[in-house]
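Residues per chain, in single letters:
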Amino acid sequence: MTTPEDRVKQVLSSEADQLVPPPDLARTAIRRGRRVRRLRVVSGVAVIAAAVVAAIVVPTASLSRSEEPQPAGVISDGGLVTVNNLWLQEPDTSREEATRWLDQLRTGEAPKVPTVQSGSLVDGSRSVRFPLVKPQSAHSFGRVDGGWVVALQDRFDEQGPITYGELTPTGTLQSLATGHGLGATLSPDRTQLAYAVRDRTGKLEVIVREVATRMIRAKVTVPDKRADLDLIAGWNLSGIWLNGSTGALLWAPGSALVPVPAADVRVVAPQSSLVQTHEDPQCARLASWDKRLVPRIQYCGFAGSLAVSPDAKTVVVGQIAFGLYEPRTQRLDLPTGLSIRSVAWEDETRILFAVQRADDGVTVVRCDTTTGSCERAPAGPDVTLPRN
Amino acid sequence: MIDADAEFTDFVRAQSPALLRTAFYLTGDAGLAEDLLQTSLTKVYLHWSKIDAREAAAAYARRTMINTATSWWRRFSWQREKPRDDVPDLQNRDEYGELDERTDLVATLRRLPARQRAVLALRFLEDLSEAETARLLGCSPGTVKSQTSRALAKLRADLTAPTFVEEDR
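Residues numbered from 1 in each chain as written. Chains lettered and ligands numbered in written order. Predicted model: local features only at pLDDT ≥ 70, side-chain atom pairs only at ≥ 80, totals over all residues. Heavy atoms only, no water.

1. Some points on the overall build of chain B
A tally of helices and strands in chain B yields seven helices and zero strands. Starting at the N terminus and walking to the C terminus, you meet the elements of chain B as α-α-α-α-α-α-α. Looking at chain B alone, contacts between residues at least 24 apart form 66% of all its contacts between residues at least 6 apart. (Helix = DSSP H or I, 4+ residues; strand = E, 2+ residues; numbered from the N terminus. Contact = heavy atoms within 4.5 Å.)

Structure, rendered in structure tokens:
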């Protein structure tokens, strides 16, 4: 009998046999490498210089353009600033080294965001057991007026339906909706939930439901030609962002879908119009929406996600916190190249990282982006941080 | 004196077919595999002078690809649920069974967490031992064993699970 691993090997090997390396691999690597080496020398100076320029230009230029100040480094005429060579923060830290580092960190307070740990939602001193009827995975979207919005899914059917509900402090789960793997997102004011459903013909609808009343407030049918959509990427002041392989869609509930030619959009701070995009696999870019995506700043040589604070004033790139509105750079006291499973902001300045341990558990680390200091935020090894 | 760039070029010429295979196993996508290889080779070039033993360069390149692939995976996974491409439909499977199976296999592999995918790629596609895999991944053989076991369990579950058919809403 053929085992699954044999089948995977057969299929992938036959596909891999057909691959031919591109002809200029070495030349391109050398050219890019030399460029990075040059930038390595000047990058520190360049970042500071860009920030200083921004500090001079931003107060007069940005405030006249919009209520939102421009990020540090963005040229006032809309030019895109690039911060390069962040990959020089490599090499990665092995999980064993990371675990040793985690274990010697001083211990601070428990995470001040609603987390899921061992079948319970834990929020500060409160712990509410999920009423699970079968093995399910759960995660939290965060606090709402009557409790917490959560998502539950059969642990053994990751392609199956996802139940969204409101978990009350007494442990009751009030069902809100059933959606599918495109995800869901809370509105910036945390009163509404957007999620996607597909009917059996494949038609895709995005639905907005009010959490308090369970009423549907808006819905839109995605055109058949946009069958590539695979993710609700978040909801910010511009609207709800949907991602697909042929570009993004923006939907402000009550109006029409707007196609946005951008790759891998992600909402980074719901209380702003900023989104993250990846036009190039090696550059994470921040852009704002003003009838079109306006690129503002990009970080190249960095393959991970940018983490923007809730007030959209700070961005964490790797282990560096940059001020987006003022020239501010703070290195976080983290080893380079940690394997980070997820991040969440506790408030405008403190960020939580769920760091992978060698034993496959995670440890939550809290870093203060104003001082760079980090500490352990005690939580169970299976903790998951909220998604919104 | 040996020209470092020429030496690096020779290394890329000799190793790129095998490295591209590994990149493909790690990503499950030909285009991404090329991007991964190119990015990783640039990183290798940056550290070329520090790689003492040239025979270690291929292992270093593999390690770099694994770490880079993990970073890419993290980029896509933060705050994101696993997407489903379509509504699975059992009726079509007889007619297009073989194509479906290939698509399912690749999709299943791509859904695995990066670390588990790397373990599978190295253990079963590159035929490395547990010890060699552990060395490349910078973890203990015990971790390789447990990750392998989890990845295989997930593969089996995914490939044998009954297909979900939506109920009327």
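There is more to say, and it comes next.
2. Let's talk about the overall build of chain A
When its secondary structure is counted, chain A shows three helices and 28 strands. Looking at chain A as a whole, 56% of its 388 residues qualify as buried. At a minimum sequence separation of 6, the contacts of chain A that also span at least 24 residues come to 43%. Total accessible area on chain A stands at roughly 16600 Å², and carbon and sulfur atoms take up 53% of it. (Buried < 20%, exposed > 50% of the residue type's maximum accessible area, 1.4 Å probe, protein only. Areas by Shrake-Rupley, 256 points an atom, 1.4 Å probe, with all protein chains shown as cover.)

3. As for the packing of helix α1 (residues 4-27) of chain B against helix α2 (residues 30-46) of chain B
Residues and elements named next belong to chain B. Remark: α1 packs on α2, axes separated minimally by 9 Å, with the N-to-C direction vectors making an angle of 140 degrees. Taken together, the axes of α1 and α2 lie oblique to each other. The two elements α1 and α2 meet at a crossing, and its hand is right-handed. Where α1 abuts α2, its residues Asp5, Phe8, Phe11, Val12, Ser16, Leu19, Leu20, Ala23, Phe24, Leu26 and Thr27 lie against Ala30, Leu32, Ala33, Glu34, Leu36, Leu37, Leu41, Val44 and Tyr45. Tallied by class, the residues present in the contact of α1 with α2 amount to 16 nonpolar, two polar and two charged. (Axes fitted to C-alpha atoms, helices over the stretch in contact; angles between N-to-C directions. Parallel < 35°, antiparallel > 145°, perpendicular 65-115°, else oblique. Left-handed = near helix turned anticlockwise from the far one by under 90°. Nonpolar A, V, L, I, M, F, W, Y, C, P; charged D, E, K, R; others polar.)

4. Some details on the packing of aromatic side chains
All names here are of chain B. In this structure the tally under the stated criterion is nine aromatic pairs over all chains. Relative to Phe11, the ring of Phe8 has its centre 6.4 Å away and its plane inclined at 35 degrees; by these criteria the two rings are tilted. With Phe8 and Phe11 both in helix α1 and three residues apart, this pair spans about one turn of that helix. Assessed through its relative accessible area of 0%, Phe8 is described here as buried. A residue is classified by how much of its surface remains accessible, and Phe11, at 8% relative accessible area, is buried. The interplanar angle of 45 degrees and the centroid separation of 5.2 Å between the aromatic rings of Phe11 and Trp48 together place this pair among those described as tilted. Taken together, the residues span a long stretch of sequence, with Phe11 in helix α1 and Trp48 in the loop between α2 and α3 (57-77) at a distance of 37 residues. Just as Phe11 is buried, Trp48 falls in that class too. Members of the aromatic cluster, joined through ring pairs, are Phe8, Phe11, Tyr45 and Trp48. (Phe/Tyr/Trp six-rings, centres within 6.5 Å; stacked < 30°, edge-to-face > 60°.)

5. Some remarks on the environment of Asp189 of chain A
Residue and element names in this part refer to chain A. In this fold, Asp189 is placed in the loop between β9 (184-186) and β10 (192-198). The spatial distance from the C-alpha of Asp189 to the C-alpha of Gln271 is 8.4 Å, given a sequence separation of 82 residues. Looking at Asp189, its side chain comes within polar contact range of the side chain of Ser187, at 2.6 Å. In this structure the side chain of Asp189 is engaged in a polar contact, spanning 2.8 Å, whose partner is the side chain of Thr191. (Polar contact = N/O pair within 3.5 Å; in protein donor to acceptor, adjacent residues only side chain to side chain.)

6. A look at the packing of helix α5 (residues 114-125) of chain B against helix α6 (residues 130-137) of chain B
The description of two packed helices rests on the angle between their axes and on the distance between the axes. Residues and elements named next belong to chain B. At a closest axis distance of 10 Å, the pairing of α5 and α6 adopts a crossing angle of 135 degrees. Taken together, the axis directions place α5 and α6 in an arrangement best described as oblique. Read as a crossing pair, α5 and α6 show a hand that is right-handed. Of the residues in α6, those in contact with Arg115, Ala118, Val119, Leu122 and Arg123 of α5 are Glu130, Thr133, Leu136 and Leu137. Residues belonging to the contact of α5 with α6 are distributed by class as follows: five nonpolar, one polar and three charged.

7. Remarks on the sheet that holds strand β22 (residues 314-317) of chain A
Residues and elements named next belong to chain A. Reading across the sheet, the four strands line up as β21-β22-β23-β24 and stay open at both edges, with antiparallel pairing between neighbours. The open sheet has two free edges, formed respectively by β21 (307-308) and β24 (329-331), since each of these has just one partner strand. As paired elements, β21 and β22 share two bridges and run antiparallel to each other. Looking across to β22, one finds that Val308 is bridged to Val315. (Pairing = 2+ DSSP bridges.)

8. Regarding the side chain of Arg357 of chain A
Its place among the elements puts Arg357 of chain A in the loop between β26 (350-356) and β27 (362-368). When sequence neighbours within four positions are dropped, the list of residues in contact with Arg357 of chain A reads Arg95, Thr99, Leu102, Asp103, Val362 and Thr363 of chain A.

9. Considering α1 of chain B
Residue and element names in this part refer to chain B. Over its 24 residues, α1 runs only 30 Å from end to end, short of the ideal 34 Å by more than 12%, given 1.5 Å per residue. At Gln15, α1 shows its largest kink, close to 55 degrees, and the proline Pro17 lies no more than four residues downstream. One or two steps after α1, the chain reaches Gly28, where phi turns positive at roughly 70 degrees. (Expected span 1.5 Å × (residues − 1). Bend = angle between axes of the 7 residues up to and from the residue.)

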